[in-house]
Amino acid sequence: LVAAVLSIGEVSGAVIVAPPGVQPLSVRIFTLAHYGVENHLAGICLVLLAVSGAAGIAAMAALGWAARGLRRAADGARSAGSG
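Source: prediction; values computed, not measured.

Chemist: Just to check I follow, could you spell out the overall build of the protein for this structure?
Modeler: Across its full length, the protein holds four helices and zero strands. From first element to last, N terminus to C terminus, the protein shows the α and β order α-α-α-α. In the protein, which comprises 83 residues, the proportion classed as buried is 8%.

Here is the structure:
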């Protein structure tokens, strides 16, 4: 998630590695900010924020699910060893 946030600011690198005819999101945001198109820029940034937030929530849920599974496995091993 941190890498995705940091890569958005890397406009020059995105231009170099983008295939012909494709405009990366970071370049699109930079272009809209440069030309002053506020309503499109706000919409794109809100979608980007929502996607980043959803990815963060999904990552936290996956980590919590994995931690619960590990905790249950450790509890099961302890109860099997004591009996």
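That shown, we press on.
Chemist: What is the right way to look at helix H3 (residues 25-35) in this model?
Modeler: Helical geometry: 3.6 residues make up each α-helical turn, so side chains three or four residues apart lie on a common side. When we look at burial in H3, the residues that qualify are Ser26, Val27, Ile29 and Leu32. After H3 finishes, the residue glycine 36 shows a positive phi value of roughly 80 degrees.

Chemist: Just to check I follow, could you spell out the confidence of the model for the protein for this structure?
Modeler: Atom-level detail of predicted coordinates should not be read off regions where pLDDT is low. For the protein, per-residue confidence averages 81 on the pLDDT scale, and residues scoring 70 or more make up 86% of the total. When mean pLDDT is compared element by element in the protein, helix H4 (residues 38-82) scores highest at 83, while helix H1 (residues 2-8) scores lowest at 67.

What counts and what doesn't
- In this numbering scheme, every chain counts its residues from 1 along its sequence in written order.
- Restriction of local features to residues with pLDDT of at least 70 applies here, the model being predicted, together with a cutoff of 80 or more for giving and counting side-chain atom pairs; totals for whole chains, interfaces and linings are based on all residues.
- Note that the side-chain values use all heavy atoms of the structure and ignore hydrogens as well as water.
- By the criteria applied, helices consist of DSSP H or I runs no shorter than four residues and strands consist of E runs no shorter than two, each listed in order from the N terminus.
- Only protein chains enter the calculation, and the probe is 1.4 Å; a residue is then buried if its accessible area is under 20% of its type maximum, exposed if over 50%, and partly exposed in between.
- Per residue, pLDDT captures the predictor's confidence, and it can take any value from 0 to 100.

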